Amino acid sequence: MKGVIFSIEEFAVHDGPGLRVNVFMKGCPLRCKWCHNPEGWNPNPQIVKNPNGCLDCGKCSNLCPSPAHCILCKTCVFNCPRDLIRISGEEWEAKDLARRILKQEHIMEKSGGGVTVSGGEPLCQADFVIELLSLMPSLHKIIETCGFGDTSKFNELLRCVDSVYYDIKVVSRDKHIRYTGQPNDIILKNLEILKKSGVEFTIRIPFIRGVNDDAENLLATARLLIGAQGLKRVELLPYNELAGAKYALVGLQYGEIFAKPDGEVVRRAKNIFSSYGIDIDIR
Amino acid sequence: MMTDSIKRQLDFLNQRKHREHRRELTSEQWDEIAEKITDKSLSYMRRNVLRLELFLEHETPVILENTKIHGLRTLIDFPDIYAEGELDEIRKTHFIHEKGKVTNLAWDCGTVLSEGLEGRRKRLMEGKRSDSEFVICANRVIDATIAFSDRYADKMDTTAGTALRRAIRTGCQTMTEALQVFRILHFTLWAAGNYHNTVGRFDQWIYPFYEKDLKNGVLTDDGAFELIEDFFLSFNRDSDLYYSLAWGDNGQSLVLGGMLPDGTNGVNRLTEMCLRASLELRQIDPKINLRVDINTPVELFELGSELTKAGLGFPQYSNDDVVIPGLIRLGYAPEHARDYVMAACWEFIIPKVAMDIPNIGAMPLAQVVNDTIRLNLKKCKNIEELLGFVEKEIRRKAADMAEKLKPLYIETSPFQSILMEGCLEKGEDISNGLVYNNYGFHGTGFSCAVDQLAAVDSLIFKTGKITSDRLLKGLESNFENDRELRHILRNDADKIGRDENARVIGNHLLDIFAKALECIKNERGGIFRAGTGSAMYYIWHSKDLPATADGRDAGQPLPANFSPSLFLTGAGPFSVMSGFAFPSIVKAVNGGPLTFELHDSVFNHPDSVKKVALLVRSYILAGGHQLQINAVNREKMIDAQKNPDKHKDLIVRVWGWSGHFVELDKCYQDHVISRAEFSV
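All figures in this text were calculated on a predicted structure; none of them were measured in a lab.

1. Description of the overall build of chain B
Within chain B one finds 28 helices and 16 strands. For 680 residues, the compact-globule formula gives about 26 Å, and the C-alpha radius of gyration of chain B, at 25 Å, lands near that figure. Its C-alpha atoms give chain B principal-axis dimensions of roughly 80 × 60 × 50 Å.

As structure tokens, this is what we get:
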């Protein structure tokens, strides 16, 4: 079957052991206010324009045959004199993508690496991801997910992977709605499934001042993880101050500006997780 | 850990305080010297010797504080041996390579340092032609060098001075002496007008002195480390005064590790120590080359990756498993092939016994393919036929290029001769040649050439997506009226570093290039070696090159060396490494690395050094021959163009060498910025 991806990144050093390829699926059900990759939101291929270096020559709009509704004809892409316009998102057959990744199997295998499927949100195209991963039996496989997706598909996916990066943004349901646009009931339900599955997993928390850095939230998060045998560690990912950098590319404006928690708060967070016997890593 | 004296020396150097000792000759001195050394009644060899004698006499020995290895150039410039117009006259009847000097060689450090200059003189006097002009001249340069060294000795403390007087004459006993005498000889080589003077297999030639010192209890590992740092710093004192095509391109390459002439592994304690010293100092000289093979432990790659992380643009890796068989295939004896080092950039040269000129010309592969497509595409039904025309053109061009190198003029160099093996015994100047007298041709615009062929194959011959007429029309108009075509060529065509078909074509093209050179000999009895480097030709050859079938606009730069297209998309380091490991590279080992850039944010992750090491190793395991990875930050470079004052220390790799970004010509700065960068 076909899936839409917006990037294949070789040598993804941050997303699993060894030398890895990271496949970014297009489309995400959440709209986290700190998201640094809005290119991953829209599930369909779309035009992206780099505003840096634009001459304002007007060719892209003047030559456009369908200004009211983009038909991805690429006229603007061909005619931009500075090559600033491209299409983000490409349809791939799972078997073609698997073949593409497996071309470098020798490099990944020898280093204990493999493939990570991330996004966007892999659960949004679960059937495609399941087929893709099943076609690469020799590789170490990871999915990186926010957990917001169909529970039975999530279960199925867990059977295809060696490890999971699972996001917990914030435990409070209200806050979750406020900062991501969606409630977290499904996410917490899928977390329970993950815990029971025996699959190795790492919890990733985007760590943001005033959103989820309070003791109450961190304690609640740690309690959620009690007794999870597959839990490898918790990774805190302090807020990326360049989060807004790519919004203009997709014609959006970055909204709220957040900040990293300060050193004292980071230390407190470390202590909280450590007190529950959880390995903690700050990235 | 860096000692206080190294720290102070480093500060002194970074603040450029050593330059306060420099002086210009007065115009009277300049005229007087110029008159003497351009005297037409003297042979060029005698002029060359007289020039060196006067240069050294006019030098002022300087002992810098906190320094153990002395030698600082104080003369900013010195006249040449040619009267006005004289070299142009020679050029009318000869081919002159670059400045016409003996250059880009690796001398016999181990033997020379062990036996001293009197030991060299003994070989000379016992040699075959003890009364020739060469013998007289070689004797004079030995005298001049000893006298110069003695003037340094006079300024040192008594013990060090006495040791240097003895060591320069009869050979070095300790590591300190060996480094000091090397410094004097290296200094003199530059003074003699030779350039791109390399350091050779440092961890090999210095090892016996280190080992002896340890055994005699006169040195500890900490002491040796400090000495190495002191020695490394000495390469950065005068480098801005050395002749080069661009600042930083001075050829002070140093080689570590690798197989020894007897076939055993040469990695020793100093290999690691040198890597650590270079990492701690973060200077652009000496430029580190690491020889590796399939059995090299990952820890050595990790140490190398620490240097990459530091943004130094080196080490450059070369793969013994490919290079040695390649050199043997070209006719080098196994013991010589195993001893290879790097010339100024990446050309593989043999120390002591070779007078090769590995950068004598450049085959403009991108241009040859472009011409062939424009002339012959419509006559071809498949890629094999087109490659047939390419082969014909490369052969024609190679023969033509080789013919234009005759007769070659090279200035004599008695001083370089006394440092090599065989000149003294034979009583002949090195400019007449040594055991090996081969020439090398770079192959510039390799990926552009391959991508043009791959585009034609994938879009015209295989799928019929575009027609020959459309392509030729598009090329003619620089894509002005067919922007869609340009997009298709750039994005939909097969490209090397991503598509298997392009890799097959690349392998074929390399094979054609190597075979074309196999058919010709040079006038010195040597062969021609095919290579994958570009040197500055990637800029020179691109300026007049019209639009090409890979979607490149007229005049747009070519990728440097053996690098992927500047608009390769959908491929990262794994694809590029697999795509650039060719079976036929063994036939084309003149040198020229796969070069690519990683965004420096890769190194934010604690495991990144390990992962970069694994990545480098995977290229070696795949059969790649030479590799150079840079950690770069595009934003930082753009800012450095606007605010050079803020980025004085920013180091980048340019083509075969590292330089300070803010001191490069803008065209090179722009090229470094535009190169493919794999960010994470």
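Back to the write-up after that little detour.
2. Points about unusual backbone geometry
Residue P315 of chain B is bonded to the preceding F314 of chain B through a cis peptide linkage, with omega at 15°. Locating P315 of chain B in the fold gives a position in the loop between helix 13 (298-309) and strand 5 (316-319). The omega torsion of the bond from K406 of chain B to P407 of chain B falls at -20°, within 30 degrees of zero and hence cis. Unusually for a residue other than glycine, K74 of chain A sits at a positive phi of about 75°. Tracing the backbone through its elements, the reader meets K74 of chain A in the loop between helix 1 (59-62) and helix 2 (75-79). Within the chain, N561 of chain B stands out as a residue other than glycine whose phi angle is a positive 50°. Residue N561 of chain B is classed as buried on the basis of its relative accessible area of 1%.

3. Looking at the packing of aromatic side chains
Residue and element names in this part refer to chain B. One pass over the structure, following the stated rule, counts 38 aromatic pairs over all chains. Centre to centre, the rings of Y82 and Y409 are 6.5 Å apart; their planes meet at 70°, and the pair counts as edge-to-face. With Y82 in the loop between helix 3 (44-58) and helix 4 (86-93) and Y409 in strand 9 (residues 408-409), the pair connects residues that are 327 residues apart, well separated along the chain. Overall, the relative accessible area of 12% leaves Y409 in the buried class.

4. So, the sheet that holds strand 2 (residues 20-25) of chain A
Note: strands within a sheet are paired through backbone hydrogen bonds, in either parallel or antiparallel orientation. All names here are of chain A. An order of 5-1-2-6-7-8-9-10-11 is seen for the nine strands of this open sheet, with the pairing classed as mixed. Where the open sheet ends on each side, the last strands, each with one partner, are strand 5 (90-93) and strand 11 (280-282). Taken over all neighbouring pairs, the strand axes of this sheet differ in orientation by 30° on average, direction set aside. Pairing geometry for strand 8 (residues 163-167) and strand 9 (residues 200-207), over five bridges, is parallel. Considered in strand 9, the bridge of S163 is made with E200. Helix 8 (residues 185-197) contacts strand 8 and strand 9 of the sheet and is inclined by roughly 155° relative to strand 8.

5. Points about the packing of helix 9 (residues 215-224) of chain A against helix 10 (residues 263-275) of chain A
Residues and elements named next belong to chain A. Where helix 9 contacts helix 10, the axes come no closer than 9 Å and their chain directions differ by 30°. Put simply, helix 9 runs roughly parallel to helix 10. At the point where helix 9 passes helix 10, the crossing takes the right-handed sense. Of the residues in helix 10, those touching helix 9 at A215, L218, L219, T221 and A222 are R268, A269, I272 and F273.

6. A short note on the interface of chain B and chain A
Each side of the interface is counted separately: chain B has 27 residues, and chain A has 28 residues. Note that D83 of chain A is salt-bridged to R486 of chain B, the shortest N-O span being 2.8 Å. If you look at where chain B meets chain A, you find twelve residue pairs in polar contact (both at pLDDT 80 or more). Looking at the side of chain B that touches chain A, the elements with two or more residues in it are helix 22 (483-491), helix 25 (573-579) and helix 26 (608-621) of chain B. Broken down by element, the residue count for the side of chain B that touches chain A peaks at six residues, all from helix 26 of chain B. Tallied by class, the residues present in the side of chain B that touches chain A amount to ten nonpolar, nine polar and eight charged.

7. Thoughts on the layout of surface pockets
Residues and elements named next belong to chain B. The volume enclosed by the second largest pocket comes to roughly 640 Å³. Lining of the second largest pocket is provided by 31 residues; of these, R282, D649, L650, I651 and H660 occupy positions nearest its centre. Those elements giving two or more residues to the lining of the second largest pocket turn out to be helix 1 (4-14), strand 13 (626-632), helix 27 (634-642) and strand 14 (651-653). Here the residues of the lining of the second largest pocket are counted per class, giving twelve nonpolar, nine polar and ten charged.

8. Some remarks on the pattern of salt bridges
Under the definition given, this model contains 65 salt bridges over all chains. Between R169 of chain B and D150 of chain B there is a salt bridge, with its nearest N and O atoms 2.6 Å apart. Remark: D150 of chain B occurs in helix 6 (residues 133-155) and R169 of chain B occurs in helix 7 (residues 158-170); sequence separation between them is 19 residues. A salt bridge links R165 of chain B to D154 of chain B; its shortest N-O distance comes to 2.5 Å. You can see R165 of chain B sitting in helix 7 and its partner D154 of chain B sitting in helix 6, a full eleven residues away along the chain. Note on R165 of chain B: relative accessible area 29%, which makes it partly exposed. One network of salt bridges, with partners in common, ties together D15, E144, R204, R233, E235, D281 and R283 of chain A.

9. Comments concerning the environment of V161 of chain A
Residues and elements named next belong to chain A. Relative to the helices and strands, V161 is located in the loop between helix 6 (151-158) and strand 8. Classification of V161 as buried rests on a relative accessible area of 10%. Put simply, V161 and E200 are 39 residues apart on the chain and 9.1 Å apart in space, counted from C-alpha to C-alpha. When near neighbours in sequence (up to four residues on either side) are disregarded, V161 contacts L133, K141, I143 and V199.

10. A short note on the pairing of strand 12 (residues 594-599) of chain B
Residues and elements named next belong to chain B. The element strand 12 is largely enclosed, with a buried count of six among its six residues. Burial of the side chains of strand 12 extends over both faces: L594, F596 and L598 are buried on one face and T595, E597 and H599 on the other. By the bridge criterion, six bridges tie strand 12 to strand 13 in an arrangement that is parallel. Residue pairing across strands places L594 opposite L627, the latter belonging to strand 13. Handedness of the crossover is the feature at issue here: the chain leaves strand 12, passes through helix 26, returns alongside strand 13, and the resulting connection is right-handed.

11. A few points about the domain arrangement of chain A
By the assigned domains, chain A splits into domain 1 (2-45 + 93-282) and domain 2 (56-87). Computed over C-alpha atoms only, the centres of domain 1 of chain A and domain 2 of chain A are separated by 34 Å.

Rules behind the numbers
Residues numbered from 1 in each chain as written. Chains lettered and ligands numbered in written order. Predicted model: local features only at pLDDT ≥ 70, side-chain atom pairs only at ≥ 80, totals over all residues. Heavy atoms only, no water. Helix = DSSP H or I, 4+ residues; strand = E, 2+ residues; numbered from the N terminus. Rg over C-alpha atoms; globule rule 2.2 N^0.38 Å. Buried < 20%, exposed > 50% of the residue type's maximum accessible area, 1.4 Å probe, protein only. Phe/Tyr/Trp six-rings, centres within 6.5 Å; stacked < 30°, edge-to-face > 60°. Pairing = 2+ DSSP bridges. Axes fitted to C-alpha atoms, helices over the stretch in contact; angles between N-to-C directions. Contact = heavy atoms within 4.5 Å. Parallel < 35°, antiparallel > 145°, perpendicular 65-115°, else oblique. Left-handed = near helix turned anticlockwise from the far one by under 90°. Salt bridge = Lys/Arg side-chain N within 4 Å of Asp/Glu carboxyl O. Polar contact = N/O pair within 3.5 Å; in protein donor to acceptor, adjacent residues only side chain to side chain. Nonpolar A, V, L, I, M, F, W, Y, C, P; charged D, E, K, R; others polar. 1 Å grid on protein atoms, 1.4 Å probe; cavity = no way out; pocket = protein on both sides within 12 Å on 5 of 7 lines; lining within 4 Å. Points joined across faces, edges and corners; volume = space filled by probe spheres on them. Right-handed = clockwise from strand over helix to strand, strands pointing away. Domains from an automatic or database assignment.

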